[in-house]
Amino acid sequence: MASTFRIGQIVPSSNTTMETEIPAIFRTREIFLPERFTFHSSRMRMKKVVKEELEAMDRDSDRCAIELSDARVDVLGYACLVAIMSMGKGYHRTSEARLHMRTAENGAPAPVVTSAGALVDGLKVLGAKKISVICPYMKPLTQLVVDYIEHEGIAVKDFVALEIPDNLEVGRHDPNNLLDIYKTVDTTGIDAFVASACVQMPSLPVIDELQKALGLPVVSASVCTSYQMMSRLGLLAASPGAGELLSGRY
């Protein structure tokens, strides 16, 4: 009988994409591998992608981790990259350790993945030293993301800030637009391209197409989060249609 794993997701209240893209990645995996997955969410209040709301939301993540550990989930994913990155360089390690401690205190210790840490680690798995990136955020928050990534030892060649402050609008962004937006980004000499440094901005439907057009690995925050969740569960990190990182070769 195939094993079934419970995937916990800590989600901003206005996020509509993590609970669609990440399950889609895992469901595609189920087509050719035996493991099965269920998905369970707890929400933190956030409507505008501004630093004050992000800080308040992050404080609420402890409650979410405890709630999800009540369901005895096998892994937890924290679904707001910029909330973590806006709290200071390297903060994903602090957040992951603290939230894991909350699950342990509740008698149900589970590994914790943040989309911020997963993006950095996914790029390192690919051996990427230099990248370019698309962000939906306002320019000051986008610069925080760029600085955070560079602090982790990965150079950012170029970036685009789409400057969409309303998180619901970020979730409504047509992923097909990325097929034109990427052409405005300097990709000369890069090792990998980040189609969406945000788990709320949809990109999964065009990851493979972008990868073919660029001729190099393309990832997103959702793809990297899924990769790290599978890895933390001790499973083959693979899902067709989700780019090089989830090709099964890593």
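Residues numbered from 1 in each chain as written. Predicted model: local features only at pLDDT ≥ 70, side-chain atom pairs only at ≥ 80, totals over all residues. Heavy atoms only, no water.

## Some thoughts on the packing of helix α6 (residues 115–125) against helix α11 (residues 221–232)
Orientation of α6 relative to α11, taken along the N-to-C sense of each, is 85 degrees, at an axis distance of 8 Å. One element, α6, and the other, α11, form an angle in the roughly perpendicular class. Across the interface between the two elements, Ser-115, Gly-117, Ala-118, Leu-119, Asp-121, Gly-122 and Val-125 of α6 pack against Cys-224, Thr-225, Tyr-227 and Gln-228 of α11. Classifying every residue of the contact of α6 with α11 gives five nonpolar, five polar and one charged. (Axes fitted to C-alpha atoms, helices over the stretch in contact; angles between N-to-C directions. Helix = DSSP H or I, 4+ residues; strand = E, 2+ residues; numbered from the N terminus. Parallel < 35°, antiparallel > 145°, perpendicular 65-115°, else oblique. Contact = heavy atoms within 4.5 Å. Nonpolar A, V, L, I, M, F, W, Y, C, P; charged D, E, K, R; others polar.)

## Digging into the packing of aromatic side chains
According to the stated counting rule, one finds three aromatic pairs in the structure shown. Note on Phe-5 and Phe-37: the rings are 6.0 Å apart at their centroids and 25 degrees apart in plane angle, and the pair reads as stacked. A residue pair is termed long-range when its members are at least 10 positions apart, and Phe-5 in strand β1 (residues 4–12) and Phe-37 in strand β2 (residues 36–44) qualify at 32 residues. Owing to a relative accessible area of 3%, Phe-37 belongs among the buried residues under this scheme. Their ring planes at 75 degrees and their centres at 5.7 Å tell us that Phe-26 and Phe-39 sit as a pair that is edge-to-face. A residue pair is termed long-range when its members are at least 10 positions apart, and Phe-26 in helix α1 (residues 18–30) and Phe-39 in strand β2 qualify at 13 residues. You can call Phe-26 buried: its relative accessible area is 0%. (Phe/Tyr/Trp six-rings, centres within 6.5 Å; stacked < 30°, edge-to-face > 60°. Buried < 20%, exposed > 50% of the residue type's maximum accessible area, 1.4 Å probe, protein only.)

## Examining the sheet that holds strand β8 (residues 218–220)
Read across the sheet, four strands follow the order β6-β5-β7-β8 without closing on themselves; strand pairing throughout is parallel. With one partner strand each, in any of the chains shown, β6 (155–161) and β8 form the two edges of the open sheet. On average, adjacent strands in this sheet sit at an angle of 20 degrees to one another, irrespective of strand direction. The pairing of strand β5 (residues 130–135) with strand β7 (residues 192–196) spans three bridges and is parallel. If you follow Ile-131 over to β7, its bridge partner there is Ala-192. Across the sheet, helix α10 (residues 207–214) touches β7 and β8, and the angle it forms with β8 is around 145 degrees. (Pairing = 2+ DSSP bridges.)

## Side note on the confidence of the model for the protein chain
Averaged over every residue, the pLDDT of the protein chain is 93; residues scoring 70 or more account for 96%. Confidence, read as mean pLDDT per element, is least for helix α2 (residues 51–59) in the protein chain (71) and greatest for β8 (98). (pLDDT = per-residue confidence, 0-100.)

## Overview of the side chain of Ser-86
Within the secondary structure, Ser-86 is located in the loop between α4 (81–85) and α5 (91–105). On the basis of relative accessibility, which here comes to 5%, the residue Ser-86 falls in the buried class. Looking at Ser-86, its side chain comes within polar contact range of the main-chain oxygen of Ala-83, at 3.1 Å. (Polar contact = N/O pair within 3.5 Å; in protein donor to acceptor, adjacent residues only side chain to side chain.)

## Regarding the pairing of β5
The buried fraction of β5 is high, at five of six residues. Of the pairings in the sheet, the one linking β5 to β6 comprises six bridges and is parallel in character. Bridging from a neighbouring strand, Ile-134 pairs with Val-160 of β6. Between the parallel pair β5 and β6, the chain is carried across by helix α7 (residues 139–151), and the sense of this crossover is right-handed. (Right-handed = clockwise from strand over helix to strand, strands pointing away.)

## Comments concerning the packing of α1 against α11
Their axes nearest at 10 Å, the elements α1 and α11 cross at an angle of 50 degrees. With respect to α11, the element α1 is oriented oblique. Considering how the two elements wind past one another, α1 and α11 form a crossing that is right-handed. For the pair α1 and α11, the contacting residues are Met-18, Glu-21, Ile-22, Ile-25, Phe-26 and Arg-29 in the first and Ser-222, Val-223, Thr-225, Ser-226, Met-229 and Met-230 in the second. Across the contact of α1 with α11, the residue classes tally to seven nonpolar, three polar and two charged. (Left-handed = near helix turned anticlockwise from the far one by under 90°.)

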